[in-house]
Amino acid sequence: TIRIVDEAEGRELNKTYRGKDYATNVLTFPLTKVPHLMGDIIICAPVVAAEALAQKKPLAAHYAHLTVHGILHLHGYDHEIEAQAELMESLETAMITKLGYPNPYIIT
């Protein structure tokens, strides 16, 4: 499931499940402990819009990036450890550019 929420709901979910009292761009909730494509991806529309504007990115490209990012989380990838973050970012970049969007890590 991919669900788009407002800032209040995004903040409440982030606070409840991660202990962080702010709305974040994307949250992922796997349904199983073994990584595979089953779970919920929550995308906070106001945060995504603000980030896209601040980073001068097309809104559709940022949504595509965060969707890919969430799917990789469902597959067990993470970015808390630098080596894992580099792998995850390289996979995101490869997938996003294959979809025809620019590299999401290049901010203009």
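The coordinates are above.
Q: How do you make sense of the sheet that holds strand E3 (residues 39–44) when you look at a structure like this?
A: Sheet strands pair by backbone hydrogen bonding; their relative direction is either parallel or antiparallel. The three strands lie next to each other as E1-E3-E2, forming an open sheet whose pairing is mixed. Whereas interior strands pair on both sides, the edge strands pair on one side only; in this sheet they are strand E1 (2–5) and strand E2 (26–30). This sheet shows a mean twist of 20 degrees between the axes of neighbouring strands, independent of strand direction. Relative to E3, E2 is paired through five bridges, and the arrangement is antiparallel. Bridge assignment links Phe29 to a residue of E3, and that residue is Asp40. Helix H1 (residues 7–18) rests against E1, E2 and E3 of the sheet, and its axis sits at about 50 degrees to E2. Running at roughly 55 degrees to E3, helix H2 (residues 45–54) makes contact with E1 and E3 of the sheet.

Q: What am I meant to see in the packing of helix H3 (residues 59–74) against helix H4 (residues 82–98) here?
A: In helix packing, the relevant descriptors are the interaxial angle and the interaxial distance, both defined with respect to the helix axes. At a closest axis distance of 10 Å, the pairing of H3 and H4 adopts a crossing angle of 130 degrees. The pairing of H3 with H4 is recorded here as oblique in orientation. Classified by chirality, the crossing of H4 by H3 is right-handed. Here Ala64, His65, Val68, His69, Leu72 and His73 of H3 come into contact with H4, specifically with Met88, Leu91, Glu92, Met95 and Ile96. Looking at the contact of H3 with H4 residue by residue, the class counts come to seven nonpolar, three polar and one charged.

Q: Before we go on, may I ask you to explain H4 in this structure?
A: One full turn of an α-helix is made of 3.6 residues, so residues set three or four places apart face in the same direction. Helix length check: H4 (17 residues) gives 24 Å between terminal C-alpha atoms against 24 Å at 1.5 Å per residue, within 8%. Taken as a whole, H4 has its buried residues at Ala85, Met88, Glu92, Thr93 and Ile96. Down the axis of H4, the sector holding all buried residues measures 140 degrees, keeping them to one side. Opposite its buried face, H4 presents the exposed residues Ala83 and Lys98, each directed more than 90 degrees away. Packed against the buried residues of H4 are H3. Looking one or two places after H4, you find Gly100, whose phi comes out positive at around 95 degrees.

Calculation criteria
Residues numbered from 1 in each chain as written. Predicted model: local features only at pLDDT ≥ 70, side-chain atom pairs only at ≥ 80, totals over all residues. Heavy atoms only, no water. Pairing = 2+ DSSP bridges. Helix = DSSP H or I, 4+ residues; strand = E, 2+ residues; numbered from the N terminus. Axes fitted to C-alpha atoms, helices over the stretch in contact; angles between N-to-C directions. Contact = heavy atoms within 4.5 Å. Parallel < 35°, antiparallel > 145°, perpendicular 65-115°, else oblique. Left-handed = near helix turned anticlockwise from the far one by under 90°. Nonpolar A, V, L, I, M, F, W, Y, C, P; charged D, E, K, R; others polar. Expected span 1.5 Å × (residues − 1). Buried < 20%, exposed > 50% of the residue type's maximum accessible area, 1.4 Å probe, protein only. Arc of directions from axis to C-beta.

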